[in-house]
Amino acid sequence: MTTQARPEPIGNPAFRHDRSTNADRSCATNLTADKQNVPIRGRERGAPATFAMLAKPSPNVLQPAVLTCGVCGAEVPGDATLCPKCVAPINVASIGDLAGDTDFCLTSLLQVLAEARRQQRATVGPCDLWDAYLSAFWARPETAIILWAEAKAALDAIQAIGRPSSPWLELGCGDGVHAALLNGWRFESSFDVFHATNAGAADAYATFDATGFAPAITAQGRQIAVGVDLKPGAVERAAALGVFERVEQADVTKLPVPDVSMGVVFSNMLGQLDEDAIAATLQEVHRVLRPGGVLLVSAMAEGFGDRLFFHPQADQAEAANDHAAARRLRRLDRGRHAFETARSIDDWRDRFASAGLSHVESRPLIGEPVLQFWDTGLRPFFPQFKAARDSLCDAKAWDVVKPLLLAGLDALLRPLLAEAIDPAGPAGMHVHVVRKPE
């Protein structure tokens, strides 16, 4: 969820590879209350009272009927939020354009974090996997927590099935960091995913300059056989990371992978595709998986859009005929509600069966407090964070400052971790565990 980088989910017990430590094994939830008794926050929050804090809306601009995606070249409707083929932003405010709304965004973020702390019902012990994700995605901790939960659920599922976790194929590998951390690779403490990013752009990772990009690997994990992505910038980043045997710029509906060659296929972007592309991709997955091989699909859960922060408030403003506030709130949403079509577990099960694959289970993750933190997050402040980081690097001070920063972020986010891997209420995401019959 690129990490998209995304987005975007999961979890239960913990799979540990050969380099596991006692700290790793303590990465588990310690429930302190019956989650059936925990109230789930609804849509009653009083945010409309703070609408005056929002920046003035930009004038409406007529959109052409059809646009061409600048990343993959696909033709998309002129009013599309994201490209339906590669999920590149189409009509999404750039991060730089959110500068006028920082007060409102900060108020919203603090509201979400305060509510998460109020509802906290569990703790999560020391966890090397979480530390690695927070270090790599420190300026976008909303991404770190989603991807950590997603990775933990995937590893737990592989352990439960008891299948070899290689060769590994990553569909929509993005910059490759998510796949690397999930598979046990670790990098020097100063490493992060923000090298050569355009902090003010709609897609900060669209281009890549490899100058000075030489991440030092401190621990080698499982080799990742193939990474596939449609975005050329993402492919360049992933290839430069040094953890893939090969990275291909390709359409996931036509995989450049031999038949019956993969042990595990992982994707957190499959749910972002249209119906025909999902069907074609699942047929390709069936072709490349070995008998008994595993497919792991991380996808948004049904109804996730109703539990976001900005989009439901935009609907409320629209219903109250405050159309200006609705437009501004939808700009802050930045396409989150349209990130992918939320499908039910039964719908996914039918799709897997149509491709000759067997659904094993769907692991829930990402409770409402985490989903709302993902929606608010630190996006509007990213340009300032990156500028400060670059200045500290130039001054040779980043190695001193970053550990202090991570300690503060960790303390701030601790109340959210249990909700990420063991949600008290409806899940915002699922990791669907699927097998190809023997």
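Being a predicted model, the structure only gives us computed values, none of them experimental.

Visitor: Lay out the overall build of the protein with the relevant residues and their values.
Guide: When you go through the protein residue by residue, the secondary structure sums to 13 helices and 13 strands. When each of the 438 residues of the protein is scored for burial, the buried share is 56%.

Visitor: Before we move on, could you go through the packing of aromatic side chains and cite the residues and values that matter?
Guide: Overall, the coordinates contain 13 aromatic pairs when judged by the stated rule. Residues F187 and F191 carry aromatic rings whose centres are separated by 4.6 Å and whose planes lie at 35° to one another, so their mutual orientation is tilted. We classify F187 as buried; its relative accessible area is 12%. Three or more aromatic residues link up through ring pairs in this structure, and these residues are W138, F194, F381, F382, F385 and W398.

Visitor: Pulling in residues and values, what's your account of the confidence of the model for the protein?
Guide: The pLDDT averaged across the protein works out to 82; a share of 82% of its residues lies at or above 70. Ignoring residues within four places in sequence, the model shows residues 1–26, a span with pLDDT below 50, making 100 contacts including any to other chains. Confidence drops under pLDDT 50 across residues 28–59; counting only partners more than four residues distant or on other chains, this segment forms 75 contacts.

Visitor: Please give an account of helix α8 (residues 310–319) that cites residues and values.
Guide: Residues of α8 that are buried include every one of F310, H311, P312, Q313, A314 and A317, and no others. For α8, the elements touching its buried residues are α2 (102–119), α9 (323–333) and α11 (368–376). Phi turns positive one or two residues past the end of α8, at N321, with a value near 65°.

Visitor: Which residues make up the environment of G303, and what are the values?
Guide: Mapped onto the elements of the fold, G303 is located in the loop between β11 (289–300) and α8. Overall, G303 belongs to the partly exposed group, its relative accessible area being 24%. Taking C-alpha positions, G303 is 7.7 Å from G428, a pair spaced 125 residues apart along the chain.

Visitor: Explain the pairing of strand β10 (residues 262–267) residue by residue, including any values.
Guide: By the criterion of burial, β10 is predominantly enclosed, with 6 of the 6 residues buried. Sheet topology note: the β10/β11 ladder contains 5 bridges and is parallel. From the neighbouring strand, V264 faces β11, where its bridge partner is V294. In this view, the connection linking β10 to its parallel neighbour β11 by way of helix α7 (residues 275–288) has right-handed handedness.

Visitor: Describe the nonpolar core, and please don't skip the residues or the numbers.
Guide: The biggest cluster of nonpolar side chains holds 89 residues, and the ones touching the most others in it are W130, Y133, F137, I145, W148, L296 and I366. In terms of residues, this core owes the most to one element, helix α4 (residues 141–161), which gives 13 residues. Listed in part, the 28 residues of the second largest apolar core include A250, M269, V288 and V297.

Visitor: Can you break down the environment of D259 residue by residue, with the values?
Guide: Positionally, D259 belongs in the loop between β9 (244–249) and β10. Each C-alpha atom, one on D259 and one on H286, is 8.8 Å from the other, the two residues being 27 residues apart in sequence. With residues up to four places along the chain from it excluded, the contact list for D259 reads R287 and V288. Side-chain polar atoms of D259 contact the side chain of R287, separated by 2.6 Å.

Visitor: Kindly report on the sheet that holds strand β12 (residues 358–365), identifying the contributing residues and their values.
Guide: The strand order β9-β8-β5-β10-β11-β13-β12 describes an open sheet built from 7 strands, whose pairing is mixed. On the outer flanks of this sheet lie β9 and β12, each paired with one strand and no other. When strand polarity is set aside, the average angle formed by the axes of neighbouring strands in this sheet is 15°. Where helix α10 (residues 345–354) meets the sheet, its contacts fall on β11, β12 and β13 (429–435), and the angle it forms with β13 comes to roughly 25°.

Visitor: Talk me through the pairing of β11; I want residue IDs and the actual numbers.
Guide: Regular strands have side chains that alternate between both faces of the sheet. Taking burial as the measure, the 12 residues of β11 include 10 buried ones, the bulk of the element. As paired strands, β11 and β13 are joined by 7 bridges and run antiparallel to one another. Bridge assignment links A299 to a residue of β13, and that residue is H430.

Visitor: Got a sec to walk through the packing of α2 against α11? Specific residues and values, please.
Guide: Two numbers describe how α2 lies on α11: the axes approach to 9 Å, and their chain directions differ by 165°. One element, α2, and the other, α11, form an angle in the roughly antiparallel class. In the packing of α2 onto α11, the handedness of the crossing is left-handed. Residue-level inspection shows S108, L109, V112, L113, A116 and Q119 of α2 in contact with α11, the latter providing P369, Q372, F373 and T376. Of the residues contributing to the contact of α2 with α11, the split by class is 6 nonpolar, 4 polar and no charged.

Visitor: Please provide a residue-by-residue account of the pattern of salt bridges, values included.
Guide: Per the stated rule, a full pass over the model turns up 20 salt bridges. With a closest N to O distance of 2.3 Å, E275 and R351 form a salt bridge. Of the two residues, E275 is situated in helix α7 and R351 in helix α10; the sequence distance between them amounts to 76 residues. R343 serves as the salt-bridge partner of D347, at 4.0 Å between the closest nitrogen and oxygen. Judged by its relative accessible area of 25%, D347 falls in the partly exposed class. Each of the salt bridges in this network shares a partner with another, and the network as a whole consists of D192, K386, R389 and D390.

Visitor: Give a detailed account of the packing of helix α3 (residues 128–136) against helix α13 (residues 398–421), specifying residues and quantitative values.
Guide: Each pair of packed helices can be described by the angle between their axes along with the distance between the axes. With their axes 10 Å apart at the nearest point, α3 and α13 run at an angle of 120° to one another. Relative to α13, α3 is oriented oblique. Regarding α3 and α13, the two cross each other, and that crossing is right-handed. Residues W130, L134 and S135 of α3 form the contact with α13, whose own contacting residues are K402, L406, L409, D410, L413, R414 and L417. Looking at side-chain class alone, the contact of α3 with α13 contains 6 nonpolar, 1 polar and 3 charged residues.

Conventions used here
Residues numbered from 1 in each chain as written. Predicted model: local features only at pLDDT ≥ 70, side-chain atom pairs only at ≥ 80, totals over all residues. Heavy atoms only, no water. Helix = DSSP H or I, 4+ residues; strand = E, 2+ residues; numbered from the N terminus. Buried < 20%, exposed > 50% of the residue type's maximum accessible area, 1.4 Å probe, protein only. Phe/Tyr/Trp six-rings, centres within 6.5 Å; stacked < 30°, edge-to-face > 60°. pLDDT = per-residue confidence, 0-100. Contact = heavy atoms within 4.5 Å. Pairing = 2+ DSSP bridges. Right-handed = clockwise from strand over helix to strand, strands pointing away. Core = buried A, V, L, I, M, F, W, Y, C linked by side-chain atoms within 4.5 Å. Polar contact = N/O pair within 3.5 Å; in protein donor to acceptor, adjacent residues only side chain to side chain. Axes fitted to C-alpha atoms, helices over the stretch in contact; angles between N-to-C directions. Parallel < 35°, antiparallel > 145°, perpendicular 65-115°, else oblique. Left-handed = near helix turned anticlockwise from the far one by under 90°. Nonpolar A, V, L, I, M, F, W, Y, C, P; charged D, E, K, R; others polar. Salt bridge = Lys/Arg side-chain N within 4 Å of Asp/Glu carboxyl O.

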